Amino acid sequence: MGRLFLVNLEGKSYSCKHCKTNLGLCDDVVSKSFQSRHGKAYLFSKVVNVYAGKKEDRMMMTGMHTVVDIYCVKCGSYVGWRYEFAFEKNQKYKEGKSVLERYKVWGPDGNNYWVAQEVEAGDSDTDDA
């Protein structure tokens, strides 16, 4: 196995709740109004220290998207997904951006977001529905 190189972020950041590896900067949050199966999720313009799973088409609340699940590069925990392709014109802004699920990450102030109850919406993205 090779040596693991991690990107260390300067400034306020979100990190993996399991191993505390930096994942994204507060300055890179595009939207905090996203929704996942487990609660709140944030859209980031850039994330680091993640690797991607297989591409798949998913029906989200805002339409069909091609996405990949993303995982922490250090511990392998699922942390969210990345939009590869949006089928609808008004959703194209999401392409190349990543969503981190709040219940899977530590916040910039060192707190963890705990889910009070599971959302039963299935796969979802924004809460603007």
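These lines cover the structure that appears in this document, whether it is placed above or below. (Residues numbered from 1 in each chain as written. Predicted model: local features only at pLDDT ≥ 70, side-chain atom pairs only at ≥ 80, totals over all residues. Heavy atoms only, no water.)

For the rest of this paragraph, the subject is the packing of aromatic side chains. The final tally for this structure, using the stated rule, is 6 aromatic pairs. Where Tyr14 meets Tyr42, the ring centres are 5.7 Å apart and the plane angle is 85°; that geometry is what we call edge-to-face. You can see Tyr14 sitting in strand β1 (residues 13–16) and its partner Tyr42 sitting in strand β4 (residues 39–44), a full 28 residues away along the chain. Residues Tyr14 and Tyr42 agree in their burial class; the two are buried. On the basis of an interplanar angle of 90° and a centroid distance of 4.9 Å, the ring pair of Phe85 and Phe87 is categorised as edge-to-face. The rings of Tyr14, Tyr42 and Phe44 are connected pair by pair, giving a single aromatic cluster. (Phe/Tyr/Trp six-rings, centres within 6.5 Å; stacked < 30°, edge-to-face > 60°. Helix = DSSP H or I, 4+ residues; strand = E, 2+ residues; numbered from the N terminus. Buried < 20%, exposed > 50% of the residue type's maximum accessible area, 1.4 Å probe, protein only.)

We now examine the pairing of strand β7 (residues 78–86). Note: strand β6 (residues 63–72) against β7, 7 bridges, orientation antiparallel. Bridge pairing in β7 places His65 opposite Ala86. A loop of 5 residues connects β6 with β7, the two strands running antiparallel in sequence, and Gly76 in this loop sits at a positive phi of about 85°. The pairing of β7 with strand β8 (residues 98–101) spans 3 bridges and is classified as antiparallel. Bridging across to β8, Gly80 finds its partner in Leu100. (Pairing = 2+ DSSP bridges.)

Before going further, it helps to spend a moment on the sheet that holds strand β5 (residues 50–60). With respect to topology, 6 strands assemble into an open sheet ordered β3-β4-β8-β7-β6-β5, the strand pairing being antiparallel. Looking at which strands have only one partner, the edges of the open sheet turn out to be β3 (29–36) and β5. Put simply, the sheet's adjacent strands are angled 30° from each other on average, direction ignored. (Axes fitted to C-alpha atoms, helices over the stretch in contact; angles between N-to-C directions.)

To continue, consider the pattern of salt bridges. In a structure, side chains of opposite charge can pair up when their charged atoms sit close to one another. Enumeration according to the criterion identifies 4 salt bridges in this entry. The shortest N-O distance in the salt bridge between Glu56 and Arg58 comes to 2.9 Å. Between Glu84 and Arg82 there is a salt bridge, and its shortest N-O distance comes to 2.6 Å. The class for Glu84 is partly exposed, based on a relative accessible area of 27%. Accessibility expressed as a relative area gives 24% for Arg82, which makes it partly exposed. Taken together, the salt bridges that share partners define one network made up of Glu56, Arg58 and Asp69. (Salt bridge = Lys/Arg side-chain N within 4 Å of Asp/Glu carboxyl O.)

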